[in-house]
Amino acid sequence: MRFPATLAAPLNVIPMAAIERTTSMLFQRVTTQHPHLFARLGEHIEKRFAFMPTDIPLVFVVSPAQPSIHVARRLPVPPTADASVEGPLFMLLALLEGRCDADALFFSRDLTVNGDMEAMLAMRNALDDCDIDLPRDLSALAGPLAPIVGRVAESIRRRALTEEASRWN
Amino acid sequence: MELICPAGTPATFREAVDAGADAVYCGFRDETNARNFPGLNFSRDELREAIAYARSKGTQTFVALNTFMRAGDEEIWYRAAADAVALGADALILADFGLMAHVAEHYADQRLHVSVQASASNVDAINFLVDAFNAKRVVLPRTLTIADIARIAPKIRCEIEVFVFGGLCVMAEGRCSLSSYATGKSPNMNGVCSPASHVRYRKEADELVSELGAYTINRFAAGEAAGYPTLCKGRFDIADERGYAFEDPVSLDVMGEIDALTAAGVSALKIEGRQRGKAYVAEVVSTLKKALSAKADDRPALLAHLRGLSEGQKTTSGAYEKRWR
């Protein structure tokens, strides 16, 4: 399932500071909920990992050592990072939660990996072991609207994963 | 028939148990096992918790210590064996005869399985390991046909486990030096075949080029399913032709032969893939568990969609049904 183009387009005009602030808040929430998220990276903890959704005009660079996340607009030149992974946004989020098999998506050419393969493999294994559940982990940020936000997010995830599974079948 | 399932992380371990594994095999986070990949495997504390979880669900835990001990550093493997025994592993999966001797001598009650890496592929070799080290089970190398297995089974004095699904080695397990030749590291000594530290993928026009160390292993056309850059599955120019010299980038799947394997004397079916994620393990284990109890006619439909999870998006019956080029 691709991110709708009508929703991606406004990301070209929303100020980067606002996008960066929101992304950092979400990232901090996840790292707080999963304090051992990057423990499996070992010697690769100092490296930078770029996540490059192909259907939105943004790229995200994670520095696990701090930990921090940097957002930038997508340019023809890839961001400076030791390793990068490229694919549709919902696919990258599914990988973040360990709900899709990264190897299968790589074999089928849905995902592209560049740079330090060992570091990216360590990152894949670290994420896979962490039981991240984005609707559960992030919905609390919505305060009193948390139950509604959580249900909507779960519904979107279910739809995205159903489409992915149907491609496997 | 037992289903033996892989786990590279505690989360995957729990998925395998929950999906119906009869036993889960895993290893420590070091060179003592043949899947010594970055970010993978278990600390001592993680293994303790995993074994307790498995026990609570009636599932066994096998610990793979299936690399070959490096001269002068045997203590690393001895310590791993001692810890696995103390943590309550139901079986140790071993390849090195020296380590088998050590375990048989110091932990006589510990169940010992012969790893596929030991490459025990005939009656004399297997019975030697049974007599010398009290091995209770042998994981047969993927060099044998089902008819070969049927000939061996009645003459050996231990159980037989065979690989039925997952990555397919070039069938010289424990003896292959291709990765060592290209990278200096091998599954036998370092626990890594074609280590990720030596792997590069790059785009060249419309092609995806895979490299291992200084070698170009393959060029995949746009849209063509890709594979790992292992030398054994490389596409090379040979005489006037370009093609796969040893093995296509495909995965093993002989679940269609469950009845024949049972009749041949096999008592456990093994899934390869400790390096794969929990989504893969959950999907494969639950599907194969269903297939084991399904009627033969219903199995192909159950198993068909697993092909999409495989390397090269294709599967083969490998040497079980030998058709050499």
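Only a predicted model underlies this, so the values are computations on that prediction, with no experimental measurement involved.

A. Expanded view of the overall build of chain A. Helix and strand content of chain A: 7 helices and 5 strands. Secondary structure elements in chain A, listed N-terminal to C-terminal, are α-α-β-β-β-β-α-α-β-α-α-α. Its C-alpha atoms give chain A a radius of gyration of 15 Å, near enough to 15 Å, the size a compact globule of 169 residues would have. Expressed along its principal axes, the backbone C-alpha trace of chain A runs to roughly 40 × 40 × 35 Å. A buried classification covers 49% of the 169 residues belonging to chain A. Summed over all atoms, the accessible surface of chain A reaches about 8,200 Å², with 61% contributed by carbon and sulfur. With 17 positive and 20 negative side-chain charges, chain A shows a spacing of 7 Å between the two charge centroids.

B. Examining the packing of helix α1 (residues 10-18) of chain B against helix α9 (residues 278-293) of chain B more closely. All names here are of chain B. The contact between α1 and α9 brings their axes to 9 Å, and the two run at 15 degrees. It follows from the interaxial angle that α1 and α9 lie roughly parallel. You can see that α1 and α9 cross each other, and the crossing is right-handed. Judged by residue contacts, Ala11, Thr12, Glu15 and Ala16 of α1 engage Lys278, Val281, Ala282 and Val285 from α9. The residue inventory of the contact of α1 with α9, partitioned by class, reads 5 nonpolar, 1 polar and 2 charged.

C. Quick peek at the side chain of A:Arg157. Residue and element names in this part refer to chain A. Secondary-structure assignment places Arg157 in helix α7 (residues 146-168). Since its relative accessible area comes to 18%, Arg157 is described here as buried. At a separation of 3.0 Å, a polar atom in the side chain of Arg157 contacts the side chain of Asp133. In this structure Arg157 touches Glu97, Arg99, Asp133, Leu134 and Pro135, once residues within four positions along its chain are discounted.

D. Region of interest: the sheet that holds strand β5 (residues 112-115) of chain A. Residues and elements named next belong to chain A. What the 5 strands build is an open sheet, ordered β3-β2-β1-β4-β5; its pairing is mixed. Pairing within the sheet leaves two strands with one partner each, and these edge strands are β3 (68-73) and β5. The mean inter-strand angle of the sheet, taken between neighbouring strand axes irrespective of direction, is 20 degrees. Here strand β4 (residues 83-87) runs beside β5; their pairing, made up of 4 bridges, is antiparallel. Counterpart to Ala83 in the pairing with β5 is Gly115.

E. Fine view of the interface of chain B and chain A. Across the contact, 43 residues belong to chain B and 30 residues belong to chain A. Interface area, chain B with chain A, both sides summed: about 2,800 Å², of which 52% is carbon and sulfur. Counting the contacts that link chain B with chain A gives 5 salt bridges. Here A:Asp103 and B:Arg276 are joined by a salt bridge, their closest N and O atoms 3.7 Å apart.

F. Looking closely at the sheet that holds strand β8 (residues 199-204) of chain B. Residues and elements named next belong to chain B. Pairing within the open sheet is antiparallel, and its 3 strands lie in the order β8-β9-β10. One side of each edge strand has no neighbouring strand; the edge strands of this open sheet are β8 and β10 (215-220). Each strand of the sheet is rotated relative to its neighbour by a mean of 25 degrees, with strand direction disregarded. With 6 bridges connecting them, β8 and strand β9 (residues 207-212) associate as antiparallel partners. Considered in β9, the bridge of Arg202 is made with Val209.

G. Representation of the environment of B:Ile93 in the model. Residue placement: B:Ile93 occurs in strand β4 (residues 91-94). Once the C-alpha coordinates of B:Ile93 and B:Val138 are considered, the two residues, 45 residues apart in sequence, prove to be 9.0 Å apart.

H. Spotlight on the packing of aromatic side chains. Following the criterion strictly, the structure yields 8 aromatic pairs over all chains and no others. A ring pair is formed by A:Phe107 and B:Tyr228, whose centres lie 5.3 Å apart and whose planes are at 90 degrees; its orientation type is edge-to-face. Placement of A:Phe107 in helix α4 (residues 102-107) and of B:Tyr228 in the loop between β10 and β11 (235-238) is noted, with the two residues assigned to different chains. Look at A:Phe107 and you get buried, because its relative accessible area is 0%. Taking the centre distance of 6.2 Å and the plane angle of 50 degrees together, the rings of B:Phe97 and B:Phe128 count as tilted. Of this pair, B:Phe97 sits in helix α4 (residues 97-106) while B:Phe128 sits in helix α5 (residues 123-133); the two residues are 31 residues apart in sequence, bridging distant segments of the chain. Among the residues examined, B:Phe128 registers a relative accessible area of 44% and is labelled partly exposed.

Criteria and cut-off values
- Residues numbered from 1 in each chain as written.
- Chains lettered and ligands numbered in written order.
- Predicted model: local features only at pLDDT ≥ 70, side-chain atom pairs only at ≥ 80, totals over all residues.
- Heavy atoms only, no water.
- Helix = DSSP H or I, 4+ residues; strand = E, 2+ residues; numbered from the N terminus.
- Rg over C-alpha atoms; globule rule 2.2 N^0.38 Å.
- Buried < 20%, exposed > 50% of the residue type's maximum accessible area, 1.4 Å probe, protein only.
- Areas by Shrake-Rupley, 256 points an atom, 1.4 Å probe, with all protein chains shown as cover.
- Lys, Arg positive; Asp, Glu negative; His and termini not counted.
- Charge placed at Lys NZ, Arg CZ, Asp CG, Glu CD.
- Axes fitted to C-alpha atoms, helices over the stretch in contact; angles between N-to-C directions.
- Parallel < 35°, antiparallel > 145°, perpendicular 65-115°, else oblique.
- Left-handed = near helix turned anticlockwise from the far one by under 90°.
- Contact = heavy atoms within 4.5 Å.
- Nonpolar A, V, L, I, M, F, W, Y, C, P; charged D, E, K, R; others polar.
- Polar contact = N/O pair within 3.5 Å; in protein donor to acceptor, adjacent residues only side chain to side chain.
- Pairing = 2+ DSSP bridges.
- Buried area = accessible area lost by both parts, 1.4 Å probe.
- Salt bridge = Lys/Arg side-chain N within 4 Å of Asp/Glu carboxyl O.
- Phe/Tyr/Trp six-rings, centres within 6.5 Å; stacked < 30°, edge-to-face > 60°.

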